[in-house]
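# Geometric and topological summary
Spelled out, the chains give:
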Amino acid sequence: MNTHSLEQKLTLYHEFFAIKHDFSVNITIIEKEEASSFSRFMTRMPMPFKLSTEMNSIDQSALRSLQSLGSSAAQLVSFLNQQSQKIDLLVGYILSQQDEVQYRYQGIQFGGGGIKFIATTVFSIGQILELKIFLLENNCAIYCFGEVVEVESANEQFAYKVTFHFIREEDREILVRASLHEQSKQLQKLAKLRNQENKR
């Protein structure tokens with residue numbers, strides 16, 4: 001079990017860059033005994049989430065090895081990227097079936113240290129949650145356990161900050177890459193808006 005103090009858990013949350021972004025997250029409360037070991041966590045993980053991460057890791061590894069071949073590999077990389085996109089679409093569809101409406105909440109921020117979501121439901125500090133994070137526009141979904149470390153009340157809703165209790169390192173890396181990719185998209189959008197305003 002994670003024996004860090006609340007302050008340490010909040011520090012862990014802020015150790016990683018987090019991006020404001022809307023996404024769906026399925027949340028269910030789990031008993032602390034269920035979150036007592038990483039092996040129990042892995043047993044609970046649905047197969048589509050395991051497959052998604054493994055496929056993502058294989059893609060990254062294959063593309064890295066091809067890049068070392070230089071310019072002669074450009075056409076092969078392009079072909080493999082197209083095949084990978086087809087598989088991503090299929091995996092994205094399979095993962096979307098894991099998104100259950102009755103457990104769906106609105107995520108508003110994510111990063112390598114945790115997520116932030118809003119809800120009218122009351123959750124308690126220290127409560128352990130089973131999380132299914134859906135970032136389908138990035139063709140990824142992450143299964144992990146989180147712990148509520150902060151709550152703010154606003155407009156008849158609560159904003160909850162959740163740090164990761166159990167998460168596979170490869171899944172954390174995917175979230176970090178997705179947050180940086182999302183930041184890049186937001187910066188490009190902002191630059192485009194500024195250019196349009198300057199032309200007026």
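Residues numbered from 1 in each chain as written. Predicted model: local features only at pLDDT ≥ 70, side-chain atom pairs only at ≥ 80, totals over all residues. Heavy atoms only, no water.

A few words now on the overall build of the protein. For the protein, the helix and strand inventory stands at five helices and six strands. Its helices and strands in sequence order give the protein the pattern α-β-α-α-α-β-β-β-β-β-α, from N to C terminus. The buried share of the protein, reckoned over its 200 residues, is 40%. At a minimum sequence separation of 6, the contacts of the protein that also span at least 24 residues come to 73%. With an accessible surface of roughly 11600 Å², the protein has 53% of that area assigned to carbon and sulfur atoms. (Helix = DSSP H or I, 4+ residues; strand = E, 2+ residues; numbered from the N terminus. Buried < 20%, exposed > 50% of the residue type's maximum accessible area, 1.4 Å probe, protein only. Contact = heavy atoms within 4.5 Å. Areas by Shrake-Rupley, 256 points an atom, 1.4 Å probe, with all protein chains shown as cover.)

Next up on the list: the side chain of Glu147. Mapped onto the elements of the fold, Glu147 is located in strand E5 (residues 140-154). Classification of Glu147 by relative accessible area gives buried; the value is 6%. When near neighbours in sequence (up to four residues on either side) are disregarded, Glu147 contacts Lys9, Gly126, Gln127, Ile128, Lys161, Val162, Thr163 and His165.

Taken together, Leu6, Ile125 and Val151 make up a surface patch of nonpolar side chains, about 220 Å² in accessible area. Taking the relative accessible area as the measure of exposure, Ile125 reaches 43% and is therefore partly exposed. (Patch = residues over 30% accessible without salt bridge, like charges linked within 9 Å, V, L, I, M, F, W, Y side chains within 5 Å. Salt bridge = Lys/Arg side-chain N within 4 Å of Asp/Glu carboxyl O.)

When we look at burial in helix H1 (residues 6-14), the residues that qualify are Lys9, Leu10 and Tyr13. Within H1, the buried residues cover an arc of 100 degrees as seen down the axis, which keeps them to one side. Structurally, H1 contributes buried residues whose contacts are with strand E2 (104-111), strand E3 (114-119), E5 and strand E6 (157-166). (Arc of directions from axis to C-beta.)

Before going further, it helps to spend a moment on the pattern of salt bridges. Oppositely charged side chains may form a pair once their charged atoms are brought near each other. Inspection of the entire model under this criterion finds eleven salt bridges. Two residues, Lys116 and Glu152, come together in a salt bridge whose shortest N-O distance is 3.8 Å. Here Lys116, found in strand E3, pairs with Glu152, found in strand E5; they are 36 residues apart in sequence, far enough to count as distant. A relative accessible area of 38% places Glu152 in the partly exposed class. Ionic pairing is found between Lys161 and Glu150, a salt bridge with its closest N-O pair at 3.4 Å. Of this pair, Lys161 sits in strand E6 while Glu150 sits in strand E5; the two residues are eleven residues apart in sequence, bridging distant segments of the chain. Linked by salt bridges that have partners in common, Glu34, Arg40, Arg44 and Glu130 make up one network.

Within the largest apolar cluster, 25 residues are counted, with the highest numbers of intra-cluster contacts made by Val25, Ile115, Phe117, Leu131 and Ile133. Sorting the residues of this core by element identifies strand E1 (18-29), E2, E3, strand E4 (128-135), E5, E6 and helix H5 (169-199) as the ones contributing at least two each. Beyond its immediate sequence surroundings of up to four residues, Leu131 is in contact with Val25, Asn26, Ile27, Ile115, Ile142, Tyr143, Cys144, Gly146, Val162 and Phe164. Ala35, Phe49, Leu95 and Phe166 belong to the second-largest nonpolar core, a separate cluster that totals 13 residues. (Core = buried A, V, L, I, M, F, W, Y, C linked by side-chain atoms within 4.5 Å.)

Bringing the confidence of the model for the protein into the picture now. Per-residue pLDDT for the protein has a mean of 84; in total, 88% of the residues score no lower than 70. Summarising per-element confidence for the protein, the mean pLDDT is lowest in helix H3 (residues 47-67) (69) and highest in E3 (96). (pLDDT = per-residue confidence, 0-100.)

Okay, the packing of aromatic side chains next. Enumeration over the complete set of coordinates arrives at 16 aromatic pairs. Centre to centre, the rings of Phe23 and Phe110 are 5.8 Å apart; their planes meet at 85 degrees, and the pair counts as edge-to-face. Separated by 87 residues along the polypeptide, Phe23 in strand E1 and Phe110 in strand E2 bring together distant segments of the chain. By the burial criterion, Phe23 is buried, and Phe110 matches it. (Phe/Tyr/Trp six-rings, centres within 6.5 Å; stacked < 30°, edge-to-face > 60°.)

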